[in-house]
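# Report on the structure
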Amino acid sequence: MNRLTNRLAAATAGLAACGLVLTGCGTGQVTQTSSQESGVNGTAANLKDIALRNVHLQAVQTSDFLEPGSAVELMFVAANNSPDVNDTLRSITSEVGTVTITGSGAVPAGGALIVGSPDGQDAVTPAGDVKPTSAEVTLDAPITNGLTYDFVFDFEKAGKAT
């Protein structure tokens, strides 16, 4: 009986040591999931209570560049994280072109302003008689797919974000 107890104690100590060694292997390492971004086409920005998500241009490119004078769609979602303060998108500016916003720029408290509709998806239709919001960029400079371009979003209460 004494031999069995010794073996059981030795096995338990061995398993505990293995557990400590395996646990220690990850010490000081940066986890793979600590810096992952969401799998969307566009970029993101935060400005006070407004969270801009999936900001990108949508255009079909058939040559090396999209030429000045071309019109491309700017797509994004502006979410208002404030529970009680509405905001309004006043304007969007860019060095690559003139941005024209049609429809309401209202970003309701706890809600979102969805601009544009991704390929293969139905357009978002707001409730009531409000027309869907869209943003079109008339290019002043040539652009190409895969590069990033700065856009400045100006909100009534949250201010400006690039």
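Located above this text is the structure these notes cover.
Residues numbered from 1 in each chain as written. Predicted model: local features only at pLDDT ≥ 70, side-chain atom pairs only at ≥ 80, totals over all residues. Heavy atoms only, no water.

### Regarding the overall build of the protein
For the record, the criterion: In this description a helix means any DSSP run of H or I spanning at least four residues, a strand means any run of E spanning at least two, and both kinds are numbered starting from the N terminus. By definition, residues are in contact when any of their heavy atoms lie within 4.5 Å. For accessible areas, the Shrake-Rupley method is used with a probe of radius 1.4 Å. Any residue's cover is judged against the shown protein chains and nothing else.
The helix and strand inventory of the protein stands at one helix and 10 strands. When contacts within the protein are restricted to residue pairs at least 6 apart in sequence, those whose partners lie at least 24 apart make up 67%. Accessible area of the protein: about 10,900 Å², with a carbon and sulfur share of 53%.

### Regarding the pairing of strand β7 (residues 112-115)
Rules: When accessible area is computed with a 1.4 Å probe and restricted to protein chains, residues below 20% of their type maximum are described as buried, those above 50% as exposed, and intermediate ones as partly exposed. Any two strands between which DSSP finds at least two bridges are classified as paired.
Because side chains alternate across β7, one face comprises the buried residues L113 and V115, and the other comprises A112 and I114, none of which is buried. For strand β3 (residues 71-80) and β7, the ladder comprises four bridges, and the chain directions are antiparallel. Opposite V77, over in β7, you have I114 as the bridge partner.

### Examining the pattern of salt bridges
The cut-off we apply is this: Note on definitions: salt bridges are taken to be side-chain nitrogens of Lys or Arg within 4 Å of carboxyl oxygens of Asp or Glu.
For the structure shown, the criterion picks out one salt bridge. When the shortest N-O distance is used, the salt bridge between D154 and R90 registers 3.2 Å. With D154 in strand β9 (residues 151-155) and R90 in strand β4 (residues 87-94), this residue pair connects regions lying 64 residues apart in the sequence. Looking at D154, the relative accessible area reads 12%, which means it is buried.

### Topic: the packing of aromatic side chains
Rule in force here: Only the six-membered ring of Trp is used, alongside the rings of Phe and Tyr, when aromatic pairs are assigned; centres must lie within 6.5 Å, and planes under 30 degrees apart are stacked while those over 60 apart are edge-to-face, with the rest tilted.
On inspection of all chains with the given rule, the structure shows one aromatic pair. Here the aromatic rings of F76 and F153 are separated by 5.0 Å at their centres, their planes lie at 80 degrees, and the arrangement is edge-to-face. Remark: F153 occurs in strand β9 and F76 occurs in strand β3; sequence separation between them is 77 residues. Overall, F153 belongs to the buried group, its relative accessible area being 3%.

### A look at the sheet that holds β9
Either a parallel or an antiparallel arrangement is found when strands of a sheet pair, and the pairing is made through backbone hydrogen bonds. Read from one edge of the open sheet, four strands run β6-β4-β9-β10, paired in antiparallel fashion. Every other strand in the sheet has two partners, leaving β6 (106-107) and β10 (159-161) as the edge strands with one partner each. Relative to β10, β9 runs antiparallel, the two sharing three bridges. Bridge pairing in β10 links F155 to G159.

### Let's talk about the nonpolar core
Threshold: Among buried residues, the Ala, Val, Leu, Ile, Met, Phe, Trp, Tyr and Cys ones that are joined through side-chain atoms within 4.5 Å form a nonpolar core.
Residues L52, L74, F76, F153 and F155 are the most contacted members of the largest nonpolar core, which totals 26 residues. Elements with a contribution of two residues or more to this core: β1 (43-47), β2 (50-58), β3, β4, β7, β8 (134-139) and β9. It is β3 that provides the largest number of residues to this core, a total of four residues. Excluding residues within four positions of it along the chain, L52 makes contact with T43, A44, A45, F76, V77, A78, F153 and F155.

### Some remarks on the pairing of β9
Among the five residues in β9, four count as buried, and that is most of the element. Strand direction decides the pairing type here: β4 and β9, joined by five bridges, are antiparallel. Its bridge partner lying in β9, I92 is registered against F153. The hairpin turn running from β9 into β10, its antiparallel successor, is three residues long.

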